[in-house]
Amino acid sequence: WYQRRVRKQWYQRRVRGIMRVALVFVLIVWAVSARTCTKVNGISGACGLHLNYFTLAGTHNSASGAFGQLYWWSGGAVPSCFYRNQDLSITEQLAQGIRYFDFDIAHINHSQADGDWWEEGIVLVHCGASDCAYTRSLRRAMSEIENYLGSHRDEVVVVRMKDHPEESRSYIRDNLARELSRFITGSGKVKLSRTDNPVLGEAIERNERLIVTVNGGFNPRRPIHSLRQVESYKMEGGTDACFSVNEMVHRLTSDPRAKYDYYPLQVDWYHAFGLCLWDLAGLCDGTELHKLIDINREVVKVTRRPINLVMIDYAGRGDVKLADVVAQINRYNVNMFT
């Protein structure tokens, strides 16, 4: 009897000790993971803003060149002149302040996968009128974004997935949630936002700092959101000049959807054709980027909300960085809307 009592007391003390250790561990994890918002993407005072009253620096066809050479399905190298839009990796774009990524996606079936390059699953592409140029997998790009956000806890990123080839739409509909599952379940370093227009401070505090929007004629499962936005884009070329302030303001504010703040306003600051894409990007970089500040002010006058997204080609070229210009825009946004 005495020995049973001693063993019972020893067992109870051990259980209490384990519970105390577990409690301390939980408190430490909670303290490390809990986050109080003080700034958003480097901007103080923005924690109370909804995403659609904030502006993000973005890249057009963000993965087209981010992994180097692109290839046709036949295996031939794609000429960079008309298909390569970026010369920085996804991680390098993030380090430059890019917080909006534009991914065109397709897919490779298991039977088509071959070696390290042609990976099974959803892949990043740049499709023209008759053919698609292939780069690496969506998983690789999302891993770079995840790793960056894991070590930069005050940053919010939006990913747009658009322009799927017709033959890939059903595959994307059926498999995108699986490929993004770690961002949905919370097993990754950051979670997908439950809404496409979160309060920025709440997104940071919940670690739901990644917003994914998708088009393609289907209704994706939350927290993967249907793409909706007002774009300034027109299929037009350029050879010697960028865009004027008035032209961009008119393109955005004349769209009847612009009066609804749940439609983000996107400035497409690039030409589609006329020269090689590198040279076209040179028409709109440097001091031309400062026009975006005036575009934002004029749009605010008309719509009572700011531009939300700016996309450029070759974010690494030029001595004026888009992220620096967007930071000026966001300081104005904070003053206007908080």
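Scoring rules and cut-offs
- Residues numbered from 1 in each chain as written.
- Predicted model: local features only at pLDDT ≥ 70, side-chain atom pairs only at ≥ 80, totals over all residues.
- Heavy atoms only, no water.
- Patch = residues over 30% accessible without salt bridge, like charges linked within 9 Å, V, L, I, M, F, W, Y side chains within 5 Å.
- Areas by Shrake-Rupley, 256 points an atom, 1.4 Å probe, with all protein chains shown as cover.
- Salt bridge = Lys/Arg side-chain N within 4 Å of Asp/Glu carboxyl O.
- Helix = DSSP H or I, 4+ residues; strand = E, 2+ residues; numbered from the N terminus.
- Buried < 20%, exposed > 50% of the residue type's maximum accessible area, 1.4 Å probe, protein only.
- Phe/Tyr/Trp six-rings, centres within 6.5 Å; stacked < 30°, edge-to-face > 60°.
- Lys NZ or Arg CZ within 6 Å of the ring centre and 35° of its normal.
- Core = buried A, V, L, I, M, F, W, Y, C linked by side-chain atoms within 4.5 Å.
- Contact = heavy atoms within 4.5 Å.
- Polar contact = N/O pair within 3.5 Å; in protein donor to acceptor, adjacent residues only side chain to side chain.

*Asks:* Can you tell me about a nonpolar patch on the surface, naming the residues and giving the values?
*Replies:* The grouping of Y233, M235 and F273 at the surface amounts to a nonpolar patch, some 330 Å² of accessible area in total. As for its placement among the helices and strands, M235 is situated in the loop between β10 (230–231) and α8 (245–253). Taking relative accessible area as the criterion, M235 reaches 63% and is therefore assigned exposed.

*Asks:* Please set out the packing of aromatic side chains residue by residue, giving values where relevant.
*Replies:* Here the structure, examined in full by the defined rule, presents twelve aromatic pairs. Here Y53 and F337 contribute two aromatic rings whose centre-to-centre distance is 5.2 Å and whose plane-to-plane angle is 65°, an arrangement assigned as edge-to-face. Of the two residues, Y53 is situated in the loop between β2 (43–44) and β3 (56–59) and F337 in helix α11 (residues 322–337); the sequence distance between them amounts to 284 residues. Taken together, a centroid distance of 5.3 Å and an interplanar angle of 40° make the contact between Y262 and Y263 tilted. Cluster of aromatic residues (ring-pair linked, three or more members): W73, W118 and Y134. Between R317 and the ring centre of W278, over which it is positioned, the NZ or CZ distance is 4.3 Å.

*Asks:* Break down the nonpolar core for me, citing the residues and quoting the values.
*Replies:* Core analysis: the biggest nonpolar cluster contains 63 residues, and F103, I145 and W269 have the highest contact counts within it. With six residues, the top contributor of residues to this core is helix α4 (residues 138–151). If near-sequence neighbours (up to four positions away) are discounted, W269 is found in contact with C242, F243, M248, C284, E288, L289, K291, L292, I295, V310, M311 and I312. Counting 21 residues, the second-largest nonpolar core is a separate cluster that includes F54, V156, V158 and I211.

*Asks:* Just give me the short version of the environment of E179, but keep the residues and values in it.
*Replies:* Structurally, E179 is set in helix α5 (residues 169–179). Placed 40 residues apart in sequence, E179 and R139 show a C-alpha to C-alpha distance of 7.1 Å. Once you skip the residues sitting within four places of it in the chain, E179 turns out to touch G121, I122, L138 and R139. At a separation of 2.9 Å, a polar atom in the side chain of E179 contacts the main-chain amide nitrogen of I122.

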